[in-house]
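Secondary and tertiary structure notes
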Amino acid sequence: MLRADKPISPIEFWFYRHYRAVHGVRIAIAFVLCFLFVRLTDIPEGTWPLITLVVVMGPISTWGNVLPRVVQRISGTFAGLLSGLIALKLELFSLPLMLGWCFIVMIVCGYLTLGKHPYMALLIGITLGVVVGAPAGDFTVALWRGGDVILGSLMALLFSAIWAQRAYTHWRIQLSDAFISMAKIHHAGFSPNLVEKPRLNPRFQKLLSSVIKMRALLEPASKETRIPKSVFEAIQTINRNMVNTMQMQIEAWWSSRESHLILLNAPTLRRTQQMTENTLNALAALMVKGETEQLAANSHELEEIMQELESLIAGGSERLETTAIYGYVWLSLEQARQLERMTDLVRLALRK
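Here the residue numbers are simple positions, counted from 1 along each chain's written sequence. pLDDT decides what is reported in this predicted model: residues at 70 or higher carry local features, side-chain atom pairs at 80 or more are listed and counted, and totals for whole chains, interfaces and linings draw on all residues regardless. Side-chain measures were taken over the full set of non-hydrogen atoms in the model, leaving aside hydrogen atoms and water.

Attention now goes to the overall build of the chain. Helix and strand labels come from DSSP, where a helix needs a run of H or I of at least four residues and a strand needs a run of E of at least two; each type is numbered from the N terminus. Secondary structure summary: the chain contains 15 helices and zero strands in total. Think of it in three bands: with a 1.4 Å probe and only protein chains considered, a residue is buried below 20% of the maximum accessible area for its type, exposed above 50%, and partly exposed in between. Relative to its full complement of 352 residues, the chain shows a buried share of 47%. A separation of at least 24 residues holds for 77% of the contacts in the chain among residues at least 6 apart in sequence. Surface exposure here means Shrake-Rupley accessible area, sampled with a 1.4 Å probe, where a residue is shielded only by the protein chains that are shown. Accessible surface for the chain amounts to roughly 17,800 Å². Of this, 63% is attributable to carbon and sulfur atoms. By the convention used here, residues are in contact when the closest approach between their heavy atoms is within 4.5 Å.

Laid out in structure tokens, this is it:
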């Protein structure tokens, strides 16, 4: 079982940073070794294990995706093989009867393709086509073709299991990168040394794009760790909300020169900004190193800041002189709450 809070070692970190190159090398080695195995054992219909190996391993690289894909492929192959053998048997009695059977199987295949397991359903139809493509009544060729597909799937599973790339580790690294990017944007947007608003929209767009791409990792990461997918979904939602809130914060911070000078000289708000940046960096370190000590200290200070901001908002218009200032303070409070919630969810995910 994968240890959720295991620190990511430097060499592991490097491999995941270059996962596309590693994936390419893995497939190349698997293909060559599979080819040698097929050639040396002289397996009939030996092209099918090679084709299956590439089909199973090629589009995806993480263990949480490969394992269910192999299970679906084997299940679909068994069902398609059985259907194909029945079709070959029926062909000995009547070709129309055999075509009628294939017609029914393909209806079921097409129906299931739009369901929960489309890949398995698709393999039923593909394997049926492979098997009935054998000479009429030649069950040996049909069985070899079906067996070769299963052999290729098992080989794909074997090679994927060797130093397996895990979606959960990809997710941890990418979430850490997102926190680091947010901390850098936050530092640039609220720098007291700037006299005009920095141009951060391209960086925000790049950050949002990377956050959205992380969604593809949620389901396989959940399968690898048995952490409920709802935990990953909640982290994903808060992550996007934090980016959007920060963008609105920066807009309010630079909305006018008068309000900007007032905000710039507010000790509580400057303390809030520093704590936000510290917490983002601590979250980034937590995702890679699995250490929670610094995050626990920041969490306590965040609670104090939230109380101060709530008191400031409760003061109303007497203390918050313009709409921009009030909006910025409210957004700061909302961001602090989101950071607190994010901290709890991340620690929950890493404690599995």
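Before going further, it helps to spend a moment on the UniProt feature "transmembrane region" (unreviewed entry) in the chain. UniProt positions are given in the numbering used here, feature names are shortened, and annotations may be inferred rather than shown by experiment. As recorded in UniProt, the sites labelled "transmembrane region" (unreviewed entry) are residues 21–40, 46–63, 70–87, 93–112, 119–136 and 142–164. Overall, residues 70–87 shows 100% helix and 0% strand. The separation of its end C-alpha atoms is 25 Å.

Time to look at unusual backbone geometry. Phi at Asp42 takes a positive value of approximately 55°, unusual for a residue other than glycine. Within the fold, Asp42 resides in the loop between α2 (19–41) and α3 (47–57). A residue is classified by how much of its surface remains accessible, and Asp42, at 64% relative accessible area, is exposed. At Arg226, a position not held by glycine, the phi torsion is positive, near 65°. If you trace the backbone, Arg226 turns up in the loop between α10 (218–225) and α11 (229–253). The class for Arg226 is exposed, based on a relative accessible area of 62%.

Let us now look at the side chain of Gln72. Locating Gln72 in the fold gives a position in helix α4 (residues 63–91). The class of Gln72 is buried, set by a relative accessible area of 16%. Beyond its immediate chain neighbours, meaning those up to four positions away, Gln72 contacts His117, Pro118, Tyr119 and Met120.

For the rest of this paragraph, the subject is the side chain of Gln273. Mapped onto the elements, Gln273 comes out in helix α13 (residues 267–289). A polar atom in the side chain of Gln273 sits 2.6 Å from the side chain of Tyr328. Apart from residues no more than four positions distant in its own chain, Gln273 is found in contact with His186, Phe190, Trp253 and Tyr328. Polar contacts here mean pairs of N or O atoms no more than 3.5 Å apart (in protein, one a potential hydrogen donor and the other a potential acceptor; neighbouring residues in sequence count only if both atoms are side-chain atoms).

Next up on the list: the packing of helix α8 (residues 167–189) against α10. In the contact formed by α8 and α10, the axes pass within 7 Å of each other and the chain directions differ by 120°. As the angle between them shows, α8 and α10 are arranged oblique. In the packing of α8 onto α10, the handedness of the crossing is left-handed. On α10, the residues that touch Ala167, Tyr168 and Trp171 of α8 are Leu218, Pro220, Ala221, Glu224 and Thr225. Residues that form the contact of α8 with α10 fall into these classes: six nonpolar, one polar and one charged. Between N-to-C directions, angles cover 0 to 180 degrees, with each direction set by a line fitted to C-alpha atoms, over the stretch in contact for helices. Roughly parallel means an angle under 35 degrees; roughly antiparallel means over 145; roughly perpendicular covers 65 to 115; every other angle is labelled oblique. By convention the crossing between two helices is left-handed if the near helix lies anticlockwise of the far one by an angle smaller than a right angle, and right-handed if it lies clockwise. Three classes are used: nonpolar for Ala, Val, Leu, Ile, Met, Phe, Trp, Tyr, Cys and Pro, charged for Asp, Glu, Lys and Arg, and polar for all others, with Gly counted as polar.

This paragraph deals with helix α7 (residues 139–161). Here the expected length of a helix is defined as 1.5 Å per residue gap, with one fewer gap than residues. Taking 1.5 Å per residue, 23 residues should reach 33 Å; α7 reaches 33 Å between its end C-alpha atoms and fits that length. Among the residues trailing α7, Trp163 stands out with phi positive, at a value near 50°.

Turning next to the pattern of salt bridges. The rule for a salt bridge is simple: a side-chain nitrogen of Lys or Arg has to be within 4 Å of a carboxyl oxygen of Asp or Glu. Counted according to the given criterion, the structure contains seven salt bridges. Taking the shortest distance from any N to any O, the salt bridge between Arg17 and Asp177 comes out at 2.6 Å. Remark: Asp177 occurs in helix α8 and Arg17 occurs in helix α1 (residues 10–17); sequence separation between them is 160 residues. With relative accessibility at 40%, the residue Arg17 sits in the partly exposed group. Between Glu219 and Lys229 there is a salt bridge whose closest N-O contact spans 3.8 Å. Taken together, the residues Glu219 in helix α10 and Lys229 in helix α11 connect sequence positions 10 residues apart.

Okay, the nonpolar core next. Counting residues in each nonpolar core, the largest one holds 55 residues, and the members touching the most others are Trp171, Phe179, Ile235 and Val346. Breaking this core down by element, the ones donating at least two residues are α8, α9 (201–213), α10, α11, α13, α14 (293–314) and α15 (323–350). Among the elements that make up this core, the one with the highest residue count is α15 (11 residues). If sequence neighbours within four positions are ignored, Val346 has contacts with Leu175, Ile235, Leu283, Leu286 and Met287. The term nonpolar core refers to a set of buried residues drawn from Ala, Val, Leu, Ile, Met, Phe, Trp, Tyr and Cys, joined through side-chain atoms within 4.5 Å. In terms of nonpolar packing, the next biggest core, distinct from the first, is built from 17 residues, Leu50, Ile74, Tyr119 and Met155 among them.

Below, the discussion takes up α2. Look at α2: 32 Å from first C-alpha to last across 23 residues, which is about the 33 Å you get at 1.5 Å a residue. Within α2, burial applies to Val22, His23, Arg26, Ile27, Ala30, Cys34 and Val38. Tucked inside the fold, the buried residues of α2 contact α1, α3 and α7. At the C-terminal side of α2, Asp42 shows a positive phi close to 55°.

As a further point, take a nonpolar patch on the surface. The patches described consist of residues with a relative accessible area above 30% and no salt bridge, like charges being joined within 9 Å and nonpolar side chains (Val, Leu, Ile, Met, Phe, Trp, Tyr) within 5 Å. There is a patch of nonpolar side chains on the surface, built from Val25, Ile29, Phe31, Val32, Leu33, Phe35, Leu36, Leu40 and Val54 and spanning about 800 Å² of accessible area. Among the elements that take part in the nonpolar patch, α2 stands out by supplying eight residues, more than any other. Within the secondary structure, Leu40 sits in helix α2. A residue is classified by how much of its surface remains accessible, and Leu40, at 74% relative accessible area, is exposed.

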